[in-house]
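Close look at the chain arrangement
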Amino acid sequence: MNIDLTDEELAFRDEVRAFFQNELPPQVKEKIQRGLRISREDQIAYQQALYAKGWAGANWPEEYGGTGWSATQKYIFNNEAAAARAPRIIPFGLTMVAPVIYTFGNEEQKQRFLPDILASKVWWCQGYSEPNAGSDLAGLKTRAVRDGDHYIVNGTKTWTTLGHYADWIFCLVRTSDTGKKQEGISFLLIDMNSPGVSVTPIITLDGRREVNEVNFDEVRVPVENLVGEEGKGWTYAKVLLTHERTNIAGVATSKQRLERLRNMLAEPPAGMPSLVDNSVYMARVMETEIELKALEFTELRVLSAVATGKAPGPESSILKIKGTEVQQMIDELYLEAAGHYALPFVPEQYEEGGEANMIEPHFAPDTAPHYYNNRKVTIFGGTNEIQKNIIAKAVLEL
Amino acid sequence: MDFALNDIQQMLQDSAAKFIQNDYDFETRRRLSESELGYSEENWKLFAELGWLALPFDEEYGGLGGNLTDLMVLQIELGRGLVVEPFFSSVVLGGNLIQRHGSASQRAELLEPLIAGELKLAFAYIEPQSHTSITDIETSAERSEAGYRLTGHKAVVLGGPSADLLLVAARTSGKRGDRNGLSLFLVDPAQPGVTLKSYPTNDGFRAADIHFDDAKASLLGEVDSAHGAIQATLDDAIVALSAEAVGVMEKLLDATVEFCKVRKQFGQPIGKFQVLQHRMADMFMECEQTRSMLYFGAITATAGGEEASRAASMLKVKVGSAGRLVGQQAVQLHGGMGVSDELDVGHFFKRITMINTLLGSRDEHLQRLIGDAQVA
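Residues numbered from 1 in each chain as written. Chains lettered and ligands numbered in written order. Predicted model: local features only at pLDDT ≥ 70, side-chain atom pairs only at ≥ 80, totals over all residues.

Details of the overall build of chain A
Put simply, the rule is: Per the convention used, a helix needs a DSSP run of H or I reaching at least four residues, while a strand needs a run of E reaching at least two, with both numbered from the N terminus. Throughout, radius of gyration means the C-alpha value; the globule benchmark is 2.2 Å times the number of residues raised to the power 0.38. Partly exposed residues are those whose C-beta has more than 12 but fewer than 20 other C-beta atoms within 10 Å; with 20 or more the residue is buried, with 12 or fewer it is exposed, and the C-beta atoms are placed from the backbone. Here contacts are defined at the residue level, using C-beta atoms placed from the backbone and a cut-off of 7 Å between them.
For chain A, the helix and strand inventory stands at 12 helices and 8 strands. The C-alpha radius of gyration of chain A comes to 22 Å, within 12% of the 21 Å expected for a compact globule of 398 residues. Taken along its principal axes, the extent of the C-alpha atoms in chain A is 70 × 50 × 50 Å. Sorting the 398 residues of chain A into buried and exposed places 37% on the buried side. A fraction of 70% describes how many contacts in chain A between residues 6 or more apart in sequence connect residues 24 or more apart.

Re the overall build of chain B
Summing up its helical and strand segments, chain B has 11 helices and 9 strands in all. Taken over the C-alpha trace, chain B has a radius of gyration of 21 Å; the compact-globule value for 376 residues is 21 Å, and the two agree within 12%. Each principal axis of the C-alpha distribution contributes one length, and for chain B these read about 80 × 45 × 45 Å. Sequence-distant contacts in chain B: of pairs separated by 6 or more residues, those separated by 24 or more amount to 73%.

Focus on the interface of chain B and chain A
Rules: Amino acids are sorted into nonpolar (Ala, Val, Leu, Ile, Met, Phe, Trp, Tyr, Cys and Pro), charged (Asp, Glu, Lys and Arg) and polar (every other residue, Gly among them).
Each partner contributes to the interface: chain B provides 29 residues, whereas chain A provides 31 residues. Listing elements by their share of the side of chain B that touches chain A, those giving two or more residues are α7 (227-262), α8 (274-303), α9 (306-333) and α11 (362-369) of chain B. Here the element with the most residues in the side of chain B that touches chain A is α8(B); it accounts for 13 residues. Partitioned by chemical class, the residues of the side of chain B that touches chain A number 18 nonpolar, 6 polar and 5 charged.

Observations concerning the domain arrangement of chain A
Residue and element names in this part refer to chain A. This is how it is decided: What counts as a domain boundary in this text is fixed by an automatic or database domain assignment.
Taken domain by domain, chain A consists of domain 1 (7-89), domain 2 (122-231) and domain 3 (245-395). Its C-alpha centre places domain 2 at a distance of 31 Å from the equivalent point of domain 3. The interface of domain 2 with domain 3 comprises 6 residues on the first partner and 8 residues on the second. A class-by-class count of the residues in the side of domain 2 that touches domain 3 yields 1 nonpolar, 3 polar and 2 charged.

Quick notes on helix α6 (residues 104-115) of chain B
All names here are of chain B. Rule in force here: Helix span, as expected, comes to 1.5 Å for every residue beyond the first. What the arc covers is the set of directions going from the helix axis to the C-beta atoms.
Between its terminal C-alpha atoms α6 stretches 16 Å, which fits the 16 Å expected from 12 residues at 1.5 Å a residue. Among all positions of α6, only Arg107, Leu110, Leu111, Leu114 and Ile115 are buried. Down the axis, α6 shows its buried residues gathered within 125° of arc, on one side only. The secondary structure elements touched by the buried residues of α6 are α3 (41-49), α5 (87-101) and β1 (121-124). Where α6 ends, the next residue or the one after it, Gly117, has phi of about 85°, a positive value.

Comments concerning the packing of helix α1 (residues 7-22) of chain A against helix α4 (residues 71-83) of chain A
Residues and elements named next belong to chain A. Here is the rule we go by: Angles run from 0 to 180 degrees between N-to-C directions of axes, and those axes are lines fitted to C-alpha atoms, restricted for helices to the stretch in contact. Should the near helix be turned counterclockwise from the far one by less than a right angle, the crossing is left-handed, whereas a clockwise turn marks it as right-handed.
Running from N to C, α1 and α4 point in directions that differ by 35°, and their axes come no closer than 9 Å. The interaxial crossing formed by α1 with α4 has right-handed handedness. In contact with Glu9, Phe12, Arg13, Val16, Arg17 and Phe20 of α1, α4 contributes Thr72, Gln73, Ile76, Phe77, Glu80 and Ala81.

Side note on the UniProt feature "domain: Acyl-CoA dehydrogenase/oxidase N-terminal" (unreviewed entry) in chain A
The condition is simple: UniProt positions are given in the numbering used here, feature names are shortened, and annotations may be inferred rather than shown by experiment.
When the UniProt feature table is mapped onto this chain numbering, "domain: Acyl-CoA dehydrogenase/oxidase N-terminal" (unreviewed entry) sits at residues 6-119 of chain A. In residues 6-119 of chain A, the share of helix is 68% and the share of strand is 0%. The end C-alpha atoms are 31 Å apart.

Some thoughts on the environment of B:Gly304
Residues and elements named next belong to chain B. By secondary structure assignment, the location of Gly304 is in the loop between α8 and α9. What makes Gly304 partly exposed here is the crowd of 13 C-beta atoms within 10 Å. Sequence separation between Gly304 and Ala232 is 72 residues, and the spatial gap between their C-alpha atoms is 8.7 Å.

As for the UniProt feature "domain: Acyl-CoA oxidase/dehydrogenase middle" (unreviewed entry) in chain B
Residues annotated in UniProt with the feature "domain: Acyl-CoA oxidase/dehydrogenase middle" (unreviewed entry) correspond here to residues 122-214 of chain B. As annotated, residues 122-214 of chain B has a helix share of 0% and a strand share of 53%, and its two end C-alpha atoms lie 19 Å apart.

A few points about the environment of B:Thr357
By secondary structure assignment, the location of B:Thr357 is in helix α10 (residues 344-357). Residues B:Thr357 and B:His131, 226 residues apart in the sequence, show an inter-C-alpha distance of 9.7 Å.

Regarding the environment of A:His164
Residue and element names in this part refer to chain A. Summarising the element assignment, His164 is placed in the loop between β3 (150-157) and β4 (168-174). Between the C-alpha atom of His164 and that of Gln48, which follows or precedes it by 116 residues, the distance is 20 Å. With residues up to four places along the chain from it excluded, the contact list for His164 reads Val199, Pro201, Arg209 and Asn212.

Section: the pairing of strand β6 (residues 194-200) of chain B
Residues and elements named next belong to chain B. What counts is decided by this rule: In this scheme, strands are said to pair when DSSP sees at least two bridges between them.
Where β6 and strand β7 (residues 206-220) come together, 7 bridges link them in antiparallel fashion. Directly across from Leu196, in β7, lies its bridge partner Ile210. What sits between β6 and β7 in their antiparallel hairpin is a turn of 5 residues, with Gly204 showing a positive phi close to 95°.

Thoughts on the domain arrangement of chain B
Residue and element names in this part refer to chain B. Domain annotation of chain B identifies domain 1 (7-119), domain 2 (122-225) and domain 3 (228-369). Using only C-alpha atoms to locate each centre, domain 2 and domain 3 end up separated by 30 Å. Listed per partner, the contact involves 9 residues of domain 2 and 9 residues of domain 3. Within the side of domain 2 that touches domain 3, the residues separate by chemical class into 4 nonpolar, 4 polar and 1 charged.

Points about the pairing of strand β4 (residues 165-171) of chain B
Consecutive side chains of a regular strand alternate in pointing toward one face of the sheet and then the other. Residues and elements named next belong to chain B. Within β4, 6 of the 7 residues are buried, which leaves it mostly tucked inside the rest of the structure. Strand direction decides the pairing type here: β1 and β4, joined by 4 bridges, are parallel. By the bridge assignment for β4, Ala122 is matched with Leu166. As judged from the 6 bridges shared by β4 and strand β5 (residues 182-187), these two strands associate in the antiparallel manner. Considered in β5, the bridge of Ala170 is made with Ser183.

A few points about helix α12 (residues 384-395) of chain A
Taking 1.5 Å per residue, 12 residues should reach 16 Å; α12(A) reaches 15 Å between its end C-alpha atoms and fits that length. Among all positions in α12(A), only A:Gln387, A:Lys388, A:Ile391, A:Ala392 and A:Val395 are buried. When α12(A) is viewed along its axis, its buried side chains cluster within an angular range of 145° and face the same direction. Of the exposed residues in α12(A), the ones pointing more than 90 degrees away from its buried face are A:Lys393 and A:Ala394. Looking at the buried positions of α12(A), the neighbouring elements they touch are α10 (316-337) of chain A together with α8 of chain B.

Written out as structure tokens, the structure is:
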């Protein structure tokens, strides 16, 4: 039993570390240093830098241009990326739709879509949830009716993250009402520029536009955009959900955030209350650190099982629940570290050129919007309550 | 990166699991715990034959040279069986202290009979006023021409009633709270000047309060310098005890899930109710997170150094919180049967509750970690 990295893995870690030091696009690096938000263009520039390095397809098979990284290498990459405070990789193209296309798509679809996804030339978004299909996703009503060489799509998708940036959307649509509701669902790729697609913003508690409602009104979609077989969409989506379970815990990012908080507690920036002598607060920091350390080892156990060719053990089902709980514990610690300066609502100070009337300490006014918005993490990707249902059924066999 | 058991660990796990399954069902354990001795000498001999008593000791003294991870594997199984033989008090605490602090000749002289199952030790360090502080020691040793004489009161000495030899922490210089000036002594409990007040513990073990009144004692290792060895031994012991806790907790979870599948109310198994399912999902997650924390503790402690102490405290905090949740919910979900003496579940609950108290509670270690007070 050991957690030592091999010499090759250590060399890989150094290479990744050097990449984040030297090869991040300059405008991205500068924004990270100044604590500014990353724009759509920055995001693309970052992902294209990864592509240029050959590191865009971390989970992809090598035959489609993937890295062929081991589970440990992915873990190393995630840690280094988080330590460098790099933007997260937008998952919808690279880690969500791509595996469905290279696993279930036909040759033409692979050639048509995969290269642009890998090169971050096309921005994808996800069309799963609907106003009346949340946790009960299989109850979705967006309908695709065959009409010659096309499907006619009508319905509404919601909570579509960064849908206003997207060129394409992958959707679960209903193609049949007979049989089990899961069996009437198909997996369809839709061009966001198609006539009849409209995107409406949903403003979240942080006052920002991150998610959207996407409406489909008599949208004509060529049948060649159907992935796999009609009626198998639910199966494909489930494969997709289990495809990348580990990084969902966000361990590397939580580690970086907690370390940064500890540094601020040790040397508080001007305007931040001194908390090191507040034993109630410090005990909460410590308990969060302990829970995160346990979670890191749970994740390592999963990675280690995967590396030896085993399917992830039951411990993998914990990652989503505990990972998001820890994220929210850290959000609360930041909020309270901000003291009174959690109150000012000045989102413009995190935008390029909006720092003229900066409120100090710089981190403080963002803590509350982040806390509010991040209540989403225990809700999305299957609520934590749904996750517990899964543990009860699949693990405890109740 | 590898969390799989190696061949030796696998063998150890198999032999321990087999012993529990074949020779240590709950009624056997109850009978042993309630017997006059409080455990089985026959089992102790068997532990020696199986090599368990040799596990953590250097090969030059007849040990197996196992590390903390090996010990962890064994302790998890002993926890699943709720084993009452004094393995923890005699081997994990007593033996490790001798290995760490004894002179070469003392190690040879004492470890060999310990490994053979012919010598049992107990470590007397807690005092009524000291709680978990290992420097708050009033028991003192005076040196005369005839050797050392010990005077003081040691509290709740685990395995004290059955020990052939006591290891006693006493002050040879300095004042209460000092790290320097602590020494370890070997004391024969059968001599005049040593009085044992023995009692069973709530969780089925035996312990004693021991009074020393000018009792003859011989020095273990070097004088005045035992603090490091005591601290390191207790840090390792936290890992071993936490491994036992993981065994206990996983047993509590398994028993609860099984019970909820067969217990019917309102015309269906109570395990079909979502509120209970989520409670058990919580118990499952806490068991897994504690096991993960145990691996972190064992790996860090094996590497040694400053981090080992910190890791041990982090582990003990997790065991305290998670053990309380799993123990309390196991009883709750068993309903009335959970509080009956008849069922094993209540006895696992008793053990996990006392484990929090041993070697410093969750709160004490949390306090130590945030540096609010010097518990060490």
